[in-house]
Amino acid sequence: MTHTPQRSRPLRVLAAMSGGVDSAVAAARAAEAGHDVTGVHLALSANPQSFRTGARGCCTIEDSRDARRAADVIGIPFYVWDLADRFREDVVEDFVAEYEAGRTPNPCLRCNEKIKFAALLDKALALGFDAVCTGHYAKVIVHEDGTRELHRASDMAKDQSYVLGVLDDRQLAHAMFPLGDTVTTKDEIRAEAERRGLAVAKKPDSHDICFIADGDTQGFLANRLGRSEGDIVDESGNRLGTHEGAYGFTIGQRKGLRIGTPAPDGKPRYVLDISPVTNTVTVGPADALDVSALTAIKPRWCGVAPTGPGTYTAQLRAHGGETEVTAELVDGRLEVSFAEPVRGVAPGQAIVLYDGTRVVGSATIASTRRATAGVA
């Protein structure tokens, strides 16, 4: 069976244009390939600012204008769609609720699932478009029998398949990633943008969480949830210090603990557990972070769900490496065992399973089992 990442006929394509260089080049490539492309910028902020601060934030008025200018240069129609209410409900409120519950969410993954390939895709299909195009680095491979697979980008250094692991078979059928086959440096993508006359060629990439423009996640959460003093304790329950809100911590965190008493062995301590019920943060040594197994919920499969136990590689964070696992779906929950212990796995994070470069699916980590005795 042969396969190809290309599509055989021209499509009506809706190109999501953030105002950055990747989405602009993706839209230009889709148009150059002969597709009937329309650009759309998603207004995701209810109160967009005039200018971003360096590489932080997105969805500013400036970003909208940059996207419009890029569409004009490419020669495609352009619109701005207001999805701020959906974004607030499905991404921002989810983000706050997850932290309040002591979990560590990934808002980019949730945005892809709920906004770009749900709200945006549904609207695009209703208007007669065939596909949504984005600047993500990943590949959709289409087999001769019409089945589709999501694969890592050709360039592993830029691969973004982790945050796309929530896409199901229907969404993949209408997804287009023109940058997925690119084996180039980001400088070469910028050079391509410059050759195409796109003014965003030198625009800095956005980083961090787009709706927290100043990068102060703890301050953002404190403003939403209020300050609530609680205890920082060791694994034996001894009180070591206080905090202003358990939501401000993540599993594996080392900095910002403000513990006055040094550990008996003089080594650094890390956040091992967060209990929102008691508003307690438990800290301990690095080796107590080692996890041998986990349970994940809400699995989403990029194609047919696997049956029985299988051996895969897993990625646990957007910029993390792969680790070998055995995984099996049991009563709707994904039970995962690691070949070697991994460190700093937090409930709320996504685990994405791979078979080689193929994305098998994604699930949300609900609980972990430590390689050593201690806090569960």
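Calculation notes
Residues numbered from 1 in each chain as written. Predicted model: local features only at pLDDT ≥ 70, side-chain atom pairs only at ≥ 80, totals over all residues. Heavy atoms only, no water. UniProt positions renumbered as here; feature names shortened; annotations may be inferred. Helix = DSSP H or I, 4+ residues; strand = E, 2+ residues; numbered from the N terminus. Contact = heavy atoms within 4.5 Å. Domains from an automatic or database assignment. Buried area = accessible area lost by both parts, 1.4 Å probe. Salt bridge = Lys/Arg side-chain N within 4 Å of Asp/Glu carboxyl O. Buried < 20%, exposed > 50% of the residue type's maximum accessible area, 1.4 Å probe, protein only. Expected span 1.5 Å × (residues − 1). Bend = angle between axes of the 7 residues up to and from the residue. pLDDT = per-residue confidence, 0-100. Pairing = 2+ DSSP bridges.

The name given to the chain in an unreviewed UniProt entry is tRNA-specific 2-thiouridylase MnmA, with Streptomyces afghaniensis 772 as the source organism. The Catalytic activity (unreviewed entry) field of the UniProt record for the chain holds the comment "S-sulfanyl-L-cysteinyl-[protein] + uridine(34) in tRNA + AH2 + ATP = 2-thiouridine(34) in tRNA + L-cysteinyl-[protein] + A + AMP + diphosphate + H(+)". According to UniProt, the comment filed for the chain under the heading Sequence similarities (unreviewed entry) is "Belongs to the MnmA/TRMU family."

Focus on the UniProt feature "domain: tRNA-specific 2-thiouridylase MnmA-like central" (unreviewed entry) in the chain
When the UniProt feature table is mapped onto this chain, "domain: tRNA-specific 2-thiouridylase MnmA-like central" (unreviewed entry) is found at residues 219-284. End C-alpha atoms of residues 219-284 are separated by 25 Å, and the span's content is 11% helix alongside 30% strand.

Some remarks on the environment of V283
Position of V283 relative to the elements: it lies in strand β12 (residues 280-284). Contacts of V283, omitting those with residues within four sequence positions, involve I232, V233, D234, E235, L240, L257, I259, R269, Y270, V271 and L272.

Comments concerning the domain arrangement of the chain
Accessible area lost on assembly of the parts is the figure often given for the size of an interface. Domain parsing of the chain yields domain 1 (12-202), domain 2 (227-284) and domain 3 (288-370). Spacing between the C-alpha centres of domain 1 and domain 3 amounts to 26 Å. Each side of the interface is counted separately: domain 1 has 23 residues, and domain 3 has 22 residues. Looking at the side of domain 1 facing domain 3, the largest losses of area belong to T104, R152 and Y162, adding up to 39% of the total buried there. At the junction of domain 1 and domain 3, the tally comes to three salt bridges.

What to know about the pattern of salt bridges
According to the stated counting rule, one finds 26 salt bridges in the structure shown. A salt bridge links D66 to K203; its shortest N-O distance comes to 2.7 Å. Taken together, the residues span a long stretch of sequence, with D66 in helix α2 (residues 61-74) and K203 in the loop between α6 (186-195) and α7 (217-225) at a distance of 137 residues. Of the residues examined, D66 reaches a relative accessible area of 11% and is grouped as buried. In this structure, a network of salt bridges that share partners links the residues D94, R110, E113, D168 and R300.

Things to note about the UniProt feature "domain: tRNA-specific 2-thiouridylase MnmA-like C-terminal" (unreviewed entry) in the chain
UniProt annotation of "domain: tRNA-specific 2-thiouridylase MnmA-like C-terminal" (unreviewed entry) refers to residues 293-365 when read in the numbering used here. A distance of 11 Å separates the end C-alpha atoms of residues 293-365, which is 0% helix and 67% strand.

Quick word on unusual backbone geometry
Backbone geometry places K298, a non-glycine residue, at a positive phi of 50 degrees. By secondary structure assignment, the location of K298 is in strand β13 (residues 290-301). For K298, a relative accessible area of 64% puts it in the exposed group. Within the chain, D331 stands out as a residue other than glycine whose phi angle is a positive 50 degrees. Within the secondary structure layout, D331 lies in the loop between β15 (322-330) and β16 (333-343).

Describing helix α3 (residues 84-100)
Along its 17 residues, α3 runs 22 Å from first to last C-alpha, staying within 8% of the 24 Å computed at 1.5 Å per residue. The largest bend along α3 reaches roughly 30 degrees and is located at D94. Of all the positions in α3, only A84, F87, V91, V92, F95, V96, E98 and Y99 are classed as buried. Positioned one or two residues after α3, G102 has a phi angle of 85 degrees, which is positive.

Describing the confidence of the model for the chain
On average, residues of the chain carry a pLDDT of 88, and 92% of them reach 70 or more. Per-residue pLDDT stays below 50 along residues 1-6; that stretch engages in 14 contacts with residues further than four places along the chain or on separate chains.

Topic: the sheet that holds strand β8 (residues 175-176)
The strand order across the open sheet built from five strands is β4-β3-β2-β5-β8, with neighbouring strands paired in parallel fashion. Both outer strands of the open sheet, β4 (78-82) and β8, are each paired with one neighbouring strand and no more. The pairing of strand β2 (residues 12-16) with strand β3 (residues 36-43) spans five bridges and is parallel. When the sheet's bridge partners are listed, R12 is paired in β3 with D36.

Let's talk about the side chain of S362
Along the chain, the position of S362 falls in strand β18 (residues 358-370). Excluding residues within four positions of it along the chain, S362 makes contact with G165, V166, K298, P299, R300, A350, I351 and V352.

Side note on the environment of R9
The residue R9 is located in the loop between β1 (3-4) and β2 in this model. Using a relative accessible area of 48% as the deciding quantity, one classes R9 as partly exposed. Placed 248 residues apart in sequence, R9 and L257 show a C-alpha to C-alpha distance of 57 Å. Excluding anything up to four places from it in sequence, R9 contacts H35 and D130.

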